[in-house]
Amino acid sequence: MQVKLEQKSLLISTFKQLLSQKGSAICLFILAMAVALTFTQEIYLFYCNTYNLTPIYEEGNMVNSFQPPSAEHWFGTDYRGRDVLLRAIAGTATAVKVGLIASLIAAVIGVLLGAIAGYYGGIVDDVVVWIYSTFAAMPTLLFILSFSLLVSKGFLSGSLYDFFCGCAKLFNTEPAMFAVYLGIGLTGWVSLCRVVRAETMKLRKTAYAEAAVVNGFSSPYIIFKHIIPNLFHLVIIYFSMRFAYAIMTEVIVSYLGLGAQSSPSWGVMISDGQMRLWRGIYWEVGAATLFMFVLVLCVNLLSDYLRDILDPKLKR
Amino acid sequence: MPLLEVKELKKFYPVKTALFKKEFVKAVDNVSFNLNEAEIVGLVGESGCGKSTLGRSIIRLEEPTDGEIFINNLKISNLSKRELRKKRTDFQMIFQDPYGSLNPRLTIEHTIGEVVKAHSKLNKKERHTRIIELLKMVGLSEEHLRRYPHQFSGGQRQRIGIARALAVNPKLIVADEPVSALDVSVQAQIVNLMEKIRSEYGISFLFIAHDLAVVEHVCSTVMVMYLGKIVEQGVAKEVVKNPQHPYTKALLSAVPNINRKKLHDKKRIILEGDVPSPLNPPSGCSFHPRCALATEKCTCEEPILSNLNNSGHYSACFYSKGYK
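Where do I start with the environment of Cys285 of chain B in this structure?
Residue and element names in this part refer to chain B. By secondary structure assignment, the location of Cys285 is in the loop between α10 (260–263) and α11 (296–300). Residue class for Cys285 comes out buried when judged on the 29 C-beta atoms lying within 10 Å of it. Put simply, Cys285 and Ile230 are 55 residues apart on the chain and 12 Å apart in space, counted from C-alpha to C-alpha. In contact with Cys285, not counting residues within four places along its chain, are Cys298, Glu302 and Pro303.

In structure tokens, the structure reads:
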């Protein structure tokens, strides 16, 4: 089985192929907008903090609470009279940030452990397999919930809590959200690790990996130079799948009141809005659900497209 | 002083045949030979006889179970991993599959360049000239530098593989069936290239093949392997013209030849059955179940590789002329 790549760079060729189809181009565009929004939001927050301004999505007047959708407020206002559209947009930024950071953590752990286990084999392999089997056996959501509960409800000792706050500052977020990042990241690497391990076992037997051994290169060099680049398509596919999953998990955790505390989040919006659904105030829940639906659908479709493009087994 | 000395090399693979039972596949069993400087030694045998394992054990891609390997009087067989990595410049390998032996994500400049970079202190410009020099040695040119492996034909890739092996100035190259995946016309080019490298740069080759005709053309000495053991060894021309071991005779009679009738008026020898499983090799001479000459003696006593009439032609068969 031979993987033939026509273009030079994997990323550039993938982008080109994604843009050549209508569906994937739209998905890519929406995702790019969301990512751009995330970075804008970070810069905007930084700006607000320096000049001590309230971000516009936090501005509201109790007089205007629960206004239905109108020309002024497209998705109405919430209980504090804040614009729901702006909050939903700000929620996108929170969700994408969780998706990016959490799946990045998962990807780094998964690729490193998988490649090391697959390449060295033996006891190293046994240990890694044991670790990921343990993680795979844990109920993921419970792990994330208990993890963020530990941090947000003050069950940690002082120094550990300070450490968490420091880490959270590093990512410009609140400690509870950082716990969600970590929780999703620490549970999400298992499937990628499995695939990378299997692929590494295959690749280290290829003639070019053996040639590198004969040429006197060290094992870490061979792993990073010859093995990981040749399984990177898997990393991209699994990264996009994890991304959608991380967004949904963040919403669930925030909905349960354990993730986002003060930052705007779809989960918080849904949990706020559901109490007034019976009074016919549908817009807050509706807006959050709609935004989440569009983003998760795009990411999922995109990961399917990526799989079609990158997985050599699906190639015609 | 031989360049490469292999002494009683063994490579056994453990196989679990039952819950608490472990048996060994004797892929290479008690092989000894020498290889001189600027010499091409051929190693032939059918698939599964252990010739690739022997080649890979010599350069320690597989860890030998037992035995000693000396290259340039340096004992390779018990170097530590770290020392071995430094000494790897002395011995290189060319692989069978030209399509798998190059990293598809690296340009040729990169593939050869990383090897040059790792083993020399040349600066960027000197490296560039060195890479071009290496490409010219194997009959490629500067224009190929920035191309990716998939843009080359099988023969060209094999040349790139050879250039990569040459990049560290080795003394010995183990060529593991370098031509068996190539077209006949390209095979000749690669074989001639190896001969050119041997005569111009004094590099020795251990040429593993299953085609005696190719081996006769390029090798000075040939070894015939059967079930992990060397059964016949001698000067290539002599072994081909005057084979002593019945297995070699059978191998030779399988080579298609336009002038067959002139050369051998004998009937074609067709071997029955498969190579026996190396897990349970036959008693005595391991070739006896397929041998036409086999007698009672062959089933219980194992022949040793013996120097026939002290002529430097070795054979492991009781019925070779001059067997002692």
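Would you mind showing me how to read the sheet that holds strand β4 (residues 66–71) of chain B here?
Whenever strands of a sheet pair, they do so through backbone hydrogen bonds, lying parallel or antiparallel. Taken in spatial order, the four strands line up as β2-β1-β4-β5 (chain B) in an open sheet, and their pairing is antiparallel. Each having just a single partner strand, β2 (21–35) and β5 (74–75) of chain B make up the two edges of the open sheet.

Please explain the interface of chain A and chain B as it appears in this structure.
A common way to report how large an interface is uses the accessible area buried once the components associate. Listed per partner, the contact involves 18 residues of chain A and 23 residues of chain B. Broken down by element, the side of chain A that touches chain B gets its largest block of residues, six residues, from helix α9 (residues 207–214) of chain A. Partitioning the side of chain A that touches chain B into residue classes produces nine nonpolar, seven polar and two charged.

Teacher, can you tell me more about the pairing of strand β3 (residues 40–44) of chain B here?
Residues in a regular strand project their side chains so that they alternate between the two faces of the sheet. All names here are of chain B. The buried count for β3 comes to five of five residues, which makes it a mostly enclosed element. Neither face of β3 is left uncovered, since the one carrying Ile40, Gly42 and Val44 and the one carrying Val41 and Leu43 both have all their residues buried. Alignment of β3 against strand β8 (residues 204–209), held across five bridges, turns out to be parallel. The residue bridging Val44 from the neighbouring strand is Ala209, located in β8. Of the pairings in the sheet, the one linking β3 to strand β9 (residues 221–226) comprises four bridges and is parallel in character. Across the sheet, Leu43 pairs through a bridge with Met223, a residue of β9.

Rules behind the numbers
- Residues numbered from 1 in each chain as written.
- Chains lettered and ligands numbered in written order.
- Predicted model: local features only at pLDDT ≥ 70, side-chain atom pairs only at ≥ 80, totals over all residues.
- Helix = DSSP H or I, 4+ residues; strand = E, 2+ residues; numbered from the N terminus.
- Buried ≥ 20, exposed ≤ 12 C-beta atoms within 10 Å, placed from the backbone.
- Contact = placed C-beta atoms within 7 Å.
- Pairing = 2+ DSSP bridges.
- Nonpolar A, V, L, I, M, F, W, Y, C, P; charged D, E, K, R; others polar.

All quantities given are derived from atomic positions and should not be read as evidence of function.
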